[in-house]
Amino acid sequence: GMIVRLDAHRPKAEGDADEWFENLADTLDFHQLSSITNDLVESIKADDQSRSGWLQTTAEGLDLCGLKLEKPSSDASSSSSDGPVMSKVRNPLLMEACLKGWANAEAELLPAAGPVKVKSDGRETKGEDEQADRLERAVNRYLTTTASEYYPETSHMLLWGTYFRGSGFKKVYRCPRRRRPVSEKVDSQDLIVSDTATDLKSCGRITHQITMRPSIFKIMVMIGAYRKTAAAPPNPEPNQVDTKIAGIQGTQATVERPEDKPYTIWESQCELDLDDFVPGGSRFKGQGIPLPYLVTIDKDNEEVLSIRRDWDEDDKFCIRKRMYVRYPYVPGPGFYGTGMLNLLGNSTMAMTAAWREALDAGMFASFPGGLIAKLGGRQINTDFQMGPGEFKAVEP
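1. Considering the pattern of salt bridges
For the structure shown, the criterion picks out 12 salt bridges. Here R178 and E184 are joined by a salt bridge, their closest N and O atoms 2.5 Å apart. According to the relative accessible area criterion, R178 is partly exposed, its value standing at 27%. By relative accessible area, E184 is classed as buried at 19%. Two residues, D260 and R257, come together in a salt bridge whose shortest N-O distance is 3.0 Å. Note on R257: relative accessible area 47%, which makes it partly exposed.

This is the structure in C-alpha cells:
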C-alpha cells in the first residue's frame, strides 16, 4: 500500500543540531545584514522600475473593462483625450472576451468534484485501481475542503491574471502559520521580476510583494518565521494598479487608521555569496559563487526578517527550489506575456470611441446648441427650456 502525507517532513537523524532551512539572519552580524539589505533593496527597486510601463498599461486597461459607473455629462464641457464628450459608455469587447475564456477554463480546471485525476499506468490490477481511487479522493478532498483558498484563488488568477494580463501566477509552498501546503494566487503587480527576464527559471531574482496585516506579522514573528526587529509602524505606498483597482471598487487605496495599516513584505528568491553557510563537502565551498537563498525584507523599514537556504540539502548542484507556477495565455514578447488586454485593447478603445460619437451625435441632434444676441443678455433670464417644436420670444 501507499501512505500519502501532505504535511510530511524529512526525518531528522539524531545529533542534527540545526535545521537545514533555519533562519540564517539570526546568526549574521549587523554589518552583514545591512550590506545584504542595501544591495537587495536597490536591486528590487530596479526590477520594479523596469516594469513601470507595464504597470501603467495595466492600470489604463482596467478602465477599458467598464467596471466603474460613470454618469454622462449634461453638456460637452467635459473633455478627454478624444475631445469634448458627454457619454461615458465603454464597449464590453475586452471584458466579454475575458469572461468567456475564464468560464471555459474554470469549468475544466475547477470541477465540483475536484481537479485531480489519478491514472494507473502499466498493467492494471484491482488493487492498483482501488489505490488510485483512494488517492484521487484524498487529494480532491484536501483541495476542496482543507485548502479552502485553492478554488477562489485559482478562479481569480485565471480571470485577472491569465486572460486579462497574459500570465497568472500561483505560489506553492508550505505555510508556517497554517502548517500545511498552500497554493495561492499572486497578482501580477505583486510579482516583481525584471521585464528583461524570459521565464521564472532563468531570472536571477523573483520578489513577491506581500501585504500583511499587523496581527499576521506578529504571529510570524512569534512562531519564529521572522526575527524580532524594532520595526517602525508601516507606511504602505500603493502602485498605479492598486490605486486604479481601489478607484473602481469605490474604496481608498490606503488605510487611514494607523493601527490597521498593513506591512509590506518583500520575499525574494535571490542569489547571495554566503560561504559560511555552504556545506563543507559541497563543490561550491570557497568558490565565491552566489547560491540561491530566500530573503524576506520589511520594505518600509528596510530590515531583513529572514534568510534561508533555497535548495534541497541533498542537491549537490544547489538548484533553486521551484515556488512559483506560471499560467500563460500567449507567450511573450515580455516576461508577463500577452493577454486579452494586449490583443483587444486597441479594438475596445476604437469601439468605445465609435459608441460615444454615435451617442453624442444623437444628443446634439436632439438638443442642438445655438447663438444668442448680446441684446438678449438684457433680459431677466437667459436660460431657455423649450420642449419639442416649441418657440419662445426673445426681447430685442
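2. Observations regarding unusual backbone geometry
Positive phi, normally seen in glycine, also occurs at E302, with a value near 50°. Topologically, E302 is positioned in the loop between strand 8 (291-298) and strand 9 (303-309). Of the residues examined, E302 reaches a relative accessible area of 35% and is grouped as partly exposed.

3. Here's the deal with the confidence of the model for the protein chain
Here the protein chain averages 85 in pLDDT, while 85% of its residues score no lower than 70. Within the model, pLDDT remains below 50 along residues 12-17, and this stretch shows four contacts once partners closer than five positions in the same chain are excluded.

4. Focus on the packing of aromatic side chains
Applying the stated criterion to the full structure yields 11 aromatic pairs. Taking the centre distance of 5.6 Å and the plane angle of 85° together, the rings of W20 and W311 count as edge-to-face. Of this pair, W20 sits in the segment before helix 1 (30-50) while W311 sits in the loop between strand 9 and strand 10 (324-328), placing them 291 residues apart in sequence. Residue class for W20 comes out buried when judged on its relative accessible area of 10%. Among the aromatic residues, those joined into a ring-pair cluster are W54, F169, F335 and Y336. The ring of Y173 has K171 lying over it, and the distance from NZ or CZ to the ring centre is 4.8 Å. Above the plane of the ring of F335 lies R326, whose end atom (NZ or CZ) is 5.1 Å from the centre.

5. A word on the sheet that holds strand 3 (residues 167-175)
Across the sheet, which stays open at both edges, the three strands sit in the order 4-3-10 with antiparallel pairing between neighbours. A single partner strand is all that each edge strand has here, and the edge strands are strand 4 (180-186) and strand 10. For this sheet the average axis-to-axis angle between neighbouring strands, irrespective of direction, equals 20°. Sheet topology places strand 3 next to strand 4; seven bridges connect them, and they run antiparallel. Note that in strand 4 the partner of F169 across the bridge is V186. Lying on the sheet, helix 5 (residues 150-163) is in contact with strand 3, strand 4 and strand 10; it crosses strand 3 at an angle near 150°.

6. Comments concerning the environment of Y151
Summarising the element assignment, Y151 is placed in helix 5. Here the alpha-carbon distance between Y151 and S183, two residues 32 residues apart in the chain, equals 9.6 Å. Apart from the residues within four sequence positions on either side, Y151 is in contact with L110, P111, G114, P115, L143 and T144.

7. Remarks on the environment of T243
Along the chain, the position of T243 falls in helix 7 (residues 240-249). What T243 contacts, discounting residues up to four positions off in sequence, is P238 and A253.

8. Side note on a nonpolar patch on the surface
Together, L93, M351 and W355 make up an exposed nonpolar region whose accessible area comes to about 250 Å². Judged by relative accessible area, M351 falls into the partly exposed class, the value being 37%.

Rules used throughout
Residues numbered from 1 in each chain as written. Predicted model: local features only at pLDDT ≥ 70, side-chain atom pairs only at ≥ 80, totals over all residues. Heavy atoms only, no water. Salt bridge = Lys/Arg side-chain N within 4 Å of Asp/Glu carboxyl O. Buried < 20%, exposed > 50% of the residue type's maximum accessible area, 1.4 Å probe, protein only. Helix = DSSP H or I, 4+ residues; strand = E, 2+ residues; numbered from the N terminus. pLDDT = per-residue confidence, 0-100. Contact = heavy atoms within 4.5 Å. Phe/Tyr/Trp six-rings, centres within 6.5 Å; stacked < 30°, edge-to-face > 60°. Lys NZ or Arg CZ within 6 Å of the ring centre and 35° of its normal. Pairing = 2+ DSSP bridges. Axes fitted to C-alpha atoms, helices over the stretch in contact; angles between N-to-C directions. Patch = residues over 30% accessible without salt bridge, like charges linked within 9 Å, V, L, I, M, F, W, Y side chains within 5 Å. Areas by Shrake-Rupley, 256 points an atom, 1.4 Å probe, with all protein chains shown as cover.

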